[in-house]
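Breakdown of the fold
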Amino acid sequence: MSLDIDLNADLGESFGTWVLGDDDAMLEVVTSANVACGFHAGDPTTLRRTVARAAERGVVVGAQVGYRDLAGFGRRRMDVAAADLTADVLYQLGALEAMCRVAGTRVAYVKPHGALYTTAAVDEGQAGAVVDAVAAYDATLPLLGLPGSVLLRVAGERGLTTVGEAFADRGYDADGRLVPRTAPGAILHDPDEVAERVVRMVRDGVVTAVDGTEVGIRARSVCVHGDTPGAVGLATAVRTALARAGIGLEAFTRP
């Protein structure tokens, strides 16, 4: 039986004169693009350009929704009322959908960003607010998230399609959660180490946590952060290693 995996990256995160990452180069490597929606990063021109180039390259576009936190890049936990968070997510989906429509593509899935991702992984209220937005907007859209998270459980209970995600360049705790970015071992930078790790995650369903614990992980998609230093090199190393291991690259969904 052939084995395939989706490779995704967070893109469209530049803002005005501040350029973050190399979206064009990453779009040559990944199969899915989690495009910012203007709340945590990304200006309208950046978003339009990113989805247009993704469409040109046949890369699937997902909406990366986050807290309204440009100053903190969406990585600060915010106490947002559930109804407000649902409206915020809907607003972001609509904004990116407009850019997709004029580019001849569409939003094909949803992924929370940063603090919303990690909070919704453990918080029933925040998870429910995100799920409410997706269900109201388009209940056929898959929701990408951390395997075993509250978010994916709540989404599954509501009948949404859920997709487990692994992280190429992030450290894991023994409980399968991501190491906080402020802690040692949170970010991995060595391309060879990252590539070997991803092949093992995909082929064997196992990742070594920062304390040496072997953690089971079931994922249909692997993320390489577009803002990680050397992201293009990391993503290229991962793609090359997957090919050498006989693992194909294929988006987990299509528009």
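So, a few notes on the structure that sits alongside this text. Because the structure is predicted, anything quoted here is derived from the model rather than measured.

A complete count under the given rule lists 15 salt bridges for this structure. The partner of R158 in a salt bridge is D132, with the nearest N and O atoms 2.5 Å apart. Separated by 26 residues along the polypeptide, R158 in the loop between α6 (150-157) and β6 (162-167) and D132 in helix α5 (residues 124-138) bring together distant segments of the chain. Across the pair D204 and R203 runs a salt bridge whose closest N-O atoms are separated by 3.6 Å. Exposure remark for R203: the relative accessible area of 51% places this residue in the exposed category. Here the salt bridges do not stand alone but share partners, grouping D10, K111 and E165 into one network.

Attention now goes to the nonpolar core. Residues L96, Y172 and V198 are the most contacted members of the largest nonpolar core, which totals 76 residues. The biggest single contributor to this core is helix α8 (residues 231-244), with 7 residues. One finds Y109, L144, V163 and A251 within the second-largest nonpolar core, a separate group that totals 7 residues.

All right, on to the packing of aromatic side chains then. Taken as a whole and judged by the stated rule, the model has 3 aromatic pairs. The interplanar angle of 40° and the centroid separation of 5.7 Å between the aromatic rings of F39 and Y91 together place this pair among those described as tilted. Note that F39 is positioned in the loop between β2 (32-36) and α2 (44-57) and Y91 in helix α3 (residues 82-103), a separation of 52 residues in sequence. By relative accessible area, which is 58% here, Y91 ends up exposed. Their ring planes at 90° and their centres at 5.5 Å tell us that Y117 and F167 sit as a pair that is edge-to-face. Here the residue Y117 occupies a position in helix α4 (residues 114-120), and F167 occupies one in strand β6, the gap between them amounting to 50 residues. A relative accessible area of 3% places F167 in the buried class.

Taking every second residue as pointing to the same face, both faces of strand β9 (residues 221-224) are buried, with S221 and C223 on one and V222 and V224 on the other. Here β6 runs beside β9; their pairing, made up of 3 bridges, is parallel. Bridging from a neighbouring strand, F167 pairs with C223 of β9.

This part takes up α2. For α2, built from 14 residues, the straight-helix expectation of 20 Å at 1.5 Å per residue is met to within 8% by its first-to-last C-alpha distance of 20 Å. Considered for burial, the residues of α2 that qualify are T46, L47, T50, V51 and A54. Along α2, the residues classed as buried sweep out an arc of 120° about the axis, all on the same side. Those residues of α2 that are exposed and aimed more than 90 degrees away from the buried face are P44, T45 and E56. Lining the buried residues of α2 we find β1 (3-11), α1 (23-27), β2, β3 (60-65) and α3. Between the side-chain oxygen at the start of α2 and the backbone nitrogen of T45 there is a gap of 3.0 Å, and the oxygen is on D43. After α2 finishes, the residue G58 shows a positive phi value of roughly 75°.

This part is about a nonpolar patch on the surface. A cluster of nonpolar side chains, namely F15, W18 and L70, defines an oily patch on the protein surface of about 360 Å² accessible area. Tracing the backbone shows W18 in the loop between β1 and α1.

Moving on to α8. Here α8 contains 14 residues, and its C-alpha end-to-end distance of 20 Å stays within 8% of the 20 Å for a straight helix at 1.5 Å per residue. Against the buried residues of α8 lie β1, α1, α7 (191-204), β9 and β10 (247-249).

Among the structural elements, T31 can be located in the loop between α1 and β2. Taking the relative accessible area as the measure of exposure, T31 reaches 12% and is therefore buried. Side-chain polar atoms of T31 contact the side chain of D6, separated by 2.6 Å. Sequence-distant contacts of T31, defined by excluding residues within four places in its chain, comprise D6, L7, V59, V60, L249, E250 and A251.

On the secondary structure map, D84 appears in helix α3. Using a relative accessible area of 46% as the deciding quantity, one classes D84 as partly exposed.

Moving on, we come to the packing of α7 against α8. To characterise two packed helices, one gives the angle between the axes of the helices and the distance between these axes. Two numbers describe how α7 lies on α8: the axes approach to 8 Å, and their chain directions differ by 45°. Relative to α8, the element α7 is oriented oblique. Note that α7 runs across α8; the crossing there is right-handed. For the pair formed by α7 and α8, the contact residues are P191, V194, A195, V198, V199 and V202 on the first element and G233, L234, A237, V238, A241 and L242 on the second. Residues belonging to the contact of α7 with α8 are distributed by class as follows: 11 nonpolar, 1 polar and no charged.

Criteria and cut-off values
Residues numbered from 1 in each chain as written. Predicted model: local features only at pLDDT ≥ 70, side-chain atom pairs only at ≥ 80, totals over all residues. Heavy atoms only, no water. Salt bridge = Lys/Arg side-chain N within 4 Å of Asp/Glu carboxyl O. Helix = DSSP H or I, 4+ residues; strand = E, 2+ residues; numbered from the N terminus. Buried < 20%, exposed > 50% of the residue type's maximum accessible area, 1.4 Å probe, protein only. Core = buried A, V, L, I, M, F, W, Y, C linked by side-chain atoms within 4.5 Å. Phe/Tyr/Trp six-rings, centres within 6.5 Å; stacked < 30°, edge-to-face > 60°. Pairing = 2+ DSSP bridges. Expected span 1.5 Å × (residues − 1). Arc of directions from axis to C-beta. Contact = heavy atoms within 4.5 Å. Polar contact = N/O pair within 3.5 Å; in protein donor to acceptor, adjacent residues only side chain to side chain. Patch = residues over 30% accessible without salt bridge, like charges linked within 9 Å, V, L, I, M, F, W, Y side chains within 5 Å. Areas by Shrake-Rupley, 256 points an atom, 1.4 Å probe, with all protein chains shown as cover. Axes fitted to C-alpha atoms, helices over the stretch in contact; angles between N-to-C directions. Parallel < 35°, antiparallel > 145°, perpendicular 65-115°, else oblique. Left-handed = near helix turned anticlockwise from the far one by under 90°. Nonpolar A, V, L, I, M, F, W, Y, C, P; charged D, E, K, R; others polar.

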